[in-house]
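Examining the three-dimensional arrangement
One-letter residues, chain by chain:
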Amino acid sequence: MSDPFLGSDEYGERAHRLYSEGRYDETVEVLREGLDLFPYAVDLKIGMGYARLAREEYAWARPCFEQALELEPRNEDALAGLGETLLKFGERNGALECFETILALGFNEDHDLMLQLGRALFREGLFDQARHYFSLVVQAHPDSSDASACFGYALHRLRDDVAAVAWLQRALELDNSHAEARIYLGNVLYDRGEYDAALLQYDRTDAGDHTEDLAVWRIIELKKSMYRLDSDDPELRPWIQCLHELARELEPEDRIIGEVEALLPDGSLRDPRQLDLFGTMLSDVQGMRRRPAGEIHRVTLQNGLSYAGTWAEIVLQMLRDDQEWPGGSVANYMEDVSRRSTVMTGVVVPVSDPESFVRGIEAAGLLTITR
């Protein structure tokens, strides 16, 4: 029941506390009560928009931000929220217009707001645009560890590893406890073949710092090979326990995909060094989470079939629908499609990882990547 003695500010503060605790359903209820009493409260409308975004209710979030902007056309939080929502609908131009309006209003030195915009763009794979907003933060706030780390993440996704390493190191100089930056740096170094340096970074993290299993697998493998540890060594126990806990947190469909990706053609477990085959880098960076399995893409085949998901999920969907495929592992499927493509088009499709595989099929003219 609504409390008639609460003002709109009190409703906003109560909703903010619940939102900060991740209690989004309760946040919506409080804001709904507040808006029943104060239907023109801009802050409550914006709060409702962000709560809907957090619940992935994008169609409900959009009108909240639009109504707030009708009341206050220059409200930067409403513009940011609407831009994030438009990105979810694939309306990139509209989203970028919202973000550019925020810059025109003079908020280019706002630390949290610029990070919010950059992260929203990063989540949707717009890495160059994300880099631009992160660069504004590092210019205005050179002592921000979060800004330096985010700038490093974007540079890595733009394949500038040298600069990415430098900015991640800068983030750690500013905040030695920035675990996510340290894990990401470890992964970059590992992929560069700098295993000693990678383990040095990994060793400075605790099992509780990890939100995905890639780095944990790598830590176990590196410790076993470099320190000559047995599988039951006490030093490995917290990391093995971490793997079990992360596996329990996965959604059933993500767990199945992970199991498929970890298998070799003969049914044995893939070497942890090769786990990066299906997505090498940390995908669950704080503030940039899209979904546990990575960025979402969409492709359309020549026969009109469309698939959406991570690169690995798209490959699995293609495999299931391929009537010419007699059955077998994902790796064997990719090799078979590559052979067929070479015969049909003369284009050799790479099979080193799902993204290269799908992009190779596009280069052969057999599908179109629409997102």
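Described below are features of the structure shown in this document. (Residues numbered from 1 in each chain as written. Predicted model: local features only at pLDDT ≥ 70, side-chain atom pairs only at ≥ 80, totals over all residues. Heavy atoms only, no water.)

A tally of regular secondary structure across the protein gives 18 helices and three strands. In the protein, buried positions account for 46% of the 371 residues. Long-range contacts, defined here as pairs at least 24 residues apart, represent 49% of the contacts in the protein between residues at least 6 apart. Accessible area of the protein: about 18700 Å², with a carbon and sulfur share of 48%. (Helix = DSSP H or I, 4+ residues; strand = E, 2+ residues; numbered from the N terminus. Buried < 20%, exposed > 50% of the residue type's maximum accessible area, 1.4 Å probe, protein only. Contact = heavy atoms within 4.5 Å. Areas by Shrake-Rupley, 256 points an atom, 1.4 Å probe, with all protein chains shown as cover.)

Attention shifts here to the sheet that holds strand β2 (residues 306–309). Reading across from one edge, β2-β1-β3 is the order of the three strands in this open sheet, with antiparallel pairing throughout. Of all strands in the sheet, those bounded by a partner on one side alone are β2 and β3 (367–369). Here the average twist between neighbouring strands, direction ignored, is 20°. With four bridges joining them, strand β1 (residues 297–301) and β2 adopt antiparallel strand pairing. When the bridges of β2 are listed, Val299 appears paired with Tyr307. Sheet strands in contact with helix α16 (residues 311–321) are β1, β2 and β3, and its direction is about 145° off that of β2. (Pairing = 2+ DSSP bridges. Axes fitted to C-alpha atoms, helices over the stretch in contact; angles between N-to-C directions.)

Spanning 13 residues, helix α11 (residues 179–191) covers 18 Å between terminal C-alpha atoms, matching the ideal 18 Å at 1.5 Å per step. Counting buried positions along α11 gives 11 out of 13 residues, so the element sits mostly inside the fold. In this structure, the buried residues of α11 make contact with α9 (145–157), α10 (161–174), α12 (195–202) and α13 (213–226). Trailing α11 by a residue or two, Gly193 shows a phi angle of about 80°, which is positive. (Expected span 1.5 Å × (residues − 1).)

Turning our attention to unusual backbone geometry. You will see that Arg159, though not glycine, has its phi angle at about 65°, which is positive. Relative to the helices and strands, Arg159 is located in the loop between α9 and α10. Of the residues examined, Arg159 reaches a relative accessible area of 73% and is grouped as exposed. The phi torsion at Arg228 lies on the positive side, around 55°, for a residue other than glycine. For Arg228, the position within the fold is in the loop between α13 and α14 (237–249).

One full turn of an α-helix is made of 3.6 residues, so residues set three or four places apart face in the same direction. A rise of 1.5 Å per residue sets the reference length of helix α17 (residues 330–345), with its 16 residues, at 22 Å; its end C-alpha atoms lie 22 Å apart and thus fit the reference within 8%. Where α17 is concerned, the buried positions are Val330, Tyr333, Met334, Asp336, Val337, Ser338 and Ser341. Taken from the residues just after α17, Gly346 is the one with a positive phi, measuring 80°.

Any two side chains of opposite charge can pair if their charged atoms end up close together. Considering all chains together, one arrives at 21 salt bridges under this definition. The closest approach of N and O atoms between Arg340 and Asp336, which form a salt bridge, is 2.9 Å. Of the two residues, Arg340 and Asp336 both sit in helix α17, four residues apart, roughly one turn of that helix. Through salt bridges that share partners, Asp25, Arg52, Arg55 and Glu57 make up one connected network. (Salt bridge = Lys/Arg side-chain N within 4 Å of Asp/Glu carboxyl O.)

This paragraph deals with a negative patch on the surface. A cluster of acidic residues, Asp9, Glu10, Glu13, Asp43, Glu72 and Asp77, forms a negative patch at the surface. When residues in the negative patch are grouped by element, the largest group, three residues, is from helix α1 (residues 8–20). In this fold, Asp77 is placed in helix α5 (residues 76–88). Looking at Asp77, the relative accessible area reads 34%, which means it is partly exposed. (Patch = residues over 30% accessible without salt bridge, like charges linked within 9 Å, V, L, I, M, F, W, Y side chains within 5 Å. Lys, Arg positive; Asp, Glu negative; His and termini not counted. Charge placed at Lys NZ, Arg CZ, Asp CG, Glu CD.)

This part covers the packing of aromatic side chains. Aromatic ring pairs are described here by two measures, namely the spacing of the ring centres and the angle between the planes. For the structure on display, the rule yields nine aromatic pairs. On the numbers, 6.1 Å between centres and 75° between planes, the contact of Phe99 with Tyr133 is edge-to-face. Within this pair, whereas Phe99 is found in helix α6 (residues 92–104), its partner Tyr133 is found in helix α8 (residues 127–140), the two being separated by 34 residues in sequence. This pair shows no difference in class: Phe99 is buried, exactly as Tyr133 is. Here the guanidinium or amino end of Arg62 rests over the ring plane of Phe89, the centre of that ring lying 5.5 Å away. (Phe/Tyr/Trp six-rings, centres within 6.5 Å; stacked < 30°, edge-to-face > 60°. Lys NZ or Arg CZ within 6 Å of the ring centre and 35° of its normal.)

A few words now on the pairing of β1. Side chains His297, Val299 and Leu301 of β1 all project onto a buried face; the interleaved residues Arg298 and Thr300 project onto a face where none is buried. Where β1 hands over to β2, the hairpin turn is made up of four residues, of which Gly304 adopts a positive phi near 95°. One ladder, built from three bridges, connects β1 with β3; its direction is antiparallel. Bridged to Val299 within β3 is Ile369.

The contact between helix α7 (residues 111–123) and α8 brings their axes to 8 Å, and the two run at 165°. Judged by the angle between their axes, α7 and α8 are roughly antiparallel. Here α7 and α8 pass one another in a crossing that is left-handed. Mapping the contact onto sequence places His111, Met114, Leu115, Leu117, Gly118, Arg119, Leu121 and Phe122 in α7 and Phe127, Gln129, Ala130, Tyr133, Phe134, Leu136 and Val137 in α8. (Parallel < 35°, antiparallel > 145°, perpendicular 65-115°, else oblique. Left-handed = near helix turned anticlockwise from the far one by under 90°.)

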